[in-house]
Amino acid sequence: MLGSAAGGGAPQWNCACEVCRRARADGTSRLQDTVAVSGDGAAWYLINAAPDVRAGILATPELTPGPGLRDTPLRGVLLTTAELDHTLGLLSLREAVRLQVFATMTVQAALTSAFPVLPTLARYTDLELCDLSRSVELEGGLEVGRLTVGSKRPRYATALPAGDWVSALRVTDHGTGESFVFATCLPEWTDAFDEFLRGADGVLLDGTFGTEDELTGTTGRPGSARSMGHLPMSVSREHAVRHPGTRFRFSHLNNTNPATGDDIVSDGEDPWTGRPLPDPTGGKCETRRP
Ligand code: MLT
Ligand code: MN
Ligand code: ZN
């Protein structure tokens, strides 16, 4: 896990909210929503490329370059949205000798037109674009399945047509049979999503907001969590308890969410086995602070 904060990170450079103040005082920080996956420990793929991806890579020993001068275990990037907090880091990967980028054709179109990062990147590295509309096989024995979970366009792309804008990914390790679902932008927990994650070993869920009205309550700005494309943790937890064999964590934490200030904690009482759920605004969610 390279980063677990929503766009802006925590602390955000221009934010004086309680969570950001505390992070500054403690000298702690969360980078933005990016993970790395590997089937064999040798070939690695990022899920999303946040603006601070360079710091995340430097802090991840598995991604150390070598033995050749420009060898890197990083083979490519899988994009779950075209949002800036998931794509700006592509520019920081331009030094790569080659790079694979996996995205839906909808996301690829946005990154070729309204925000032309892909043609820009192709001038710097040997860029291979891969359609993520159907399952793909990755080097090292991983298979990636995808489900469209949302239709929200990035603000820079509101003129573009409807399509596969927001995805959840299911990464399966052929070697172990284990699978991991990445769904950090999830507007609704649909039946299709419930089926998509069934039997997964681990799920990384949308932790942008703890509660539906959190943004207005803390900043006075209008907009419910769901209207912004993010199912609040208070709701997703109610669904998660129906999958007791699966371990859920949260990422893409916004700095209005008190959980953003937590270190790695588990709830004390196990929230996934059906015992009473703690108040999600109490900040006791399972999160980590890479
Ligand atoms: C989101 O997660 O909803 C977006 O990244 C927000 C934004 O930066 O516009
Ligand atoms: Mn975001
Ligand atoms: Zn803040």
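Everything in this summary refers to the structure shown in the same document. Because the structure is a prediction, the values reported are computed rather than measured.

Cut-off values and rules
- Residues numbered from 1 in each chain as written.
- Chains lettered and ligands numbered in written order.
- Predicted model: local features only at pLDDT ≥ 70, side-chain atom pairs only at ≥ 80, totals over all residues.
- Heavy atoms only, no water.
- 1 Å grid on protein atoms, 1.4 Å probe; cavity = no way out; pocket = protein on both sides within 12 Å on 5 of 7 lines; lining within 4 Å.
- Points joined across faces, edges and corners; volume = space filled by probe spheres on them.
- Helix = DSSP H or I, 4+ residues; strand = E, 2+ residues; numbered from the N terminus.
- Nonpolar A, V, L, I, M, F, W, Y, C, P; charged D, E, K, R; others polar.
- Near = heavy atom within 4 Å.
- Polar contact = N/O pair within 3.5 Å; in protein donor to acceptor, adjacent residues only side chain to side chain.
- Areas by Shrake-Rupley, 256 points an atom, 1.4 Å probe, with all protein chains shown as cover.
- Sits in = over half its atoms within 2 Å of the grid points.
- Core = buried A, V, L, I, M, F, W, Y, C linked by side-chain atoms within 4.5 Å.
- Buried < 20%, exposed > 50% of the residue type's maximum accessible area, 1.4 Å probe, protein only.
- Contact = heavy atoms within 4.5 Å.
- Pairing = 2+ DSSP bridges.
- Axes fitted to C-alpha atoms, helices over the stretch in contact; angles between N-to-C directions.
- Patch = residues over 30% accessible without salt bridge, like charges linked within 9 Å, V, L, I, M, F, W, Y side chains within 5 Å.
- Salt bridge = Lys/Arg side-chain N within 4 Å of Asp/Glu carboxyl O.
- Right-handed = clockwise from strand over helix to strand, strands pointing away.
- Donors = N, O, S within 2.8 Å, 3.2 Å for Na, K, Ca; no water.

Here we look at the layout of surface pockets
And then number 1: Taken as a whole, the largest pocket spans an internal volume of roughly 990 Å³.
And then number 2: Lining the largest pocket we find 37 residues, and of these Gly7, Arg155, Arg221, Met228 and Asn254 sit closest to its centre.
And then number 3: For the lining of the largest pocket, the elements supplying multiple residues, two or more each, are helix 1 (18-26), helix 3 (84-87) and helix 7 (214-219).
And then number 4: Residue classes in the lining of the largest pocket are distributed as 14 nonpolar, 16 polar and 7 charged.
And then number 5: In this structure, the second largest pocket occupies an estimated 520 Å³ of space.
And then number 6: Forming the walls of the second largest pocket are 17 residues, and the residues nearest its centre are Ile57, Pro65, Thr72, Leu93 and Glu95.
And then number 7: Class assignment for the residues of the lining of the second largest pocket results in 10 nonpolar, 3 polar and 4 charged.

Some points on the site of ligand 1
And then number 1: Lining the immediate surroundings of ligand 1 are Glu83, Asp85, Lys152, Arg155, Met228, His230 and His252.
And then number 2: Interatomic distance of 2.6 Å between a side-chain N/O atom of lysine 152 and an oxygen atom of ligand 1.
And then number 3: With respect to ligand 1, the side chain of histidine 230 contributes an N or O atom lying 2.8 Å from an oxygen atom.
And then number 4: Here ligand 1 loses 74% of its free accessible area of 270 Å² to cover by the protein chains.
And then number 5: One can see that ligand 1 is located within the largest pocket.
And then number 6: Counted by class, the shell around ligand 1 contains 1 nonpolar, 2 polar and 4 charged residues.

Focus on the nonpolar core
And then number 1: Residues Leu46, Leu90, Trp189 and Phe193 are the most contacted members of the largest nonpolar core, which totals 49 residues.
And then number 2: Those residues in contact with tryptophan 189, other than ones at most four positions away along the chain, are Asp194, Leu197, Leu205, Leu231, Ser236, His239, Ala240, Arg242, His243 and Phe248.
And then number 3: Counting 17 residues, the second-largest nonpolar core is a separate cluster that includes Val37, Leu132, Val144 and Leu204.

Looking at the sheet that holds strand 2 (residues 44-47)
And then number 1: Read across the open sheet, the 5 strands follow the order 1-2-3-4-5; overall the sheet is mixed. Each having just a single partner strand, strand 1 (35-38) and strand 5 (126-131) make up the two edges of the open sheet. In this sheet, adjacent strand axes meet at a mean angle of 25° when their direction is disregarded.
And then number 2: Strand direction decides the pairing type here: strand 4 (residues 98-103) and strand 5, joined by 6 bridges, are parallel. Its bridge partner being in strand 5, valine 101 is matched across the sheet by leucine 129.

Some details on a nonpolar patch on the surface
And then number 1: Taken together, Leu84, Leu88 and Leu91 make up a surface patch of nonpolar side chains, about 200 Å² in accessible area.
And then number 2: For leucine 88, the location among the structural elements is in the loop between helix 3 and strand 4.

Observations concerning the sheet that holds strand 11 (residues 247-251)
And then number 1: Read from one edge to the other, the open sheet built from 6 strands follows the order 6-7-8-9-10-11, with strand pairing classed as mixed. Each having just a single partner strand, strand 6 (136-138) and strand 11 make up the two edges of the open sheet. Averaged over neighbouring strand pairs, the angle between their axes works out to 25° when direction is ignored.
And then number 2: Pairing between strand 9 (residues 179-183) and strand 10 (residues 202-206): 4 bridges, direction parallel. Opposite alanine 183, over in strand 10, you have leucine 205 as the bridge partner.
And then number 3: Across the sheet, helix 8 (residues 233-240) lies against strand 10 and strand 11, angled at about 165° from strand 11, the strand it touches most.

Observations concerning the pairing of strand 10
And then number 1: Of all the 5 residues making up strand 10, 5 are buried; the element is thus mostly covered by neighbouring parts of the structure.
And then number 2: You can see the chain leave strand 9, run along helix 6 (residues 191-197) and come back into strand 10, and the turn it takes is right-handed.
And then number 3: In this sheet, strand 11 lies alongside strand 10 in parallel orientation, the contact comprising 5 bridges. Within strand 11, the position partnered with leucine 204 by the bridge is arginine 249.

Thoughts on the coordination of the manganese ion (ligand 2)
Angles between donor atoms at a metal ideally measure 109.5 degrees for a four-coordinate tetrahedral arrangement and either 90 or 180 degrees for a six-coordinate octahedral one.
And then number 1: Protein-derived ligands of the manganese ion (ligand 2) are Asp85 (OD) and His252 (NE2), with the metal-ligand distances lying across 2.1 to 2.2 Å. With aspartate 85 in helix 3 and histidine 252 in the segment after strand 11, this pair connects stretches of sequence that are 167 residues apart.
And then number 2: Among the residues examined, aspartate 85 registers a relative accessible area of 14% and is labelled buried.
And then number 3: Exposure remark for histidine 252: the relative accessible area of 5% places this residue in the buried category.

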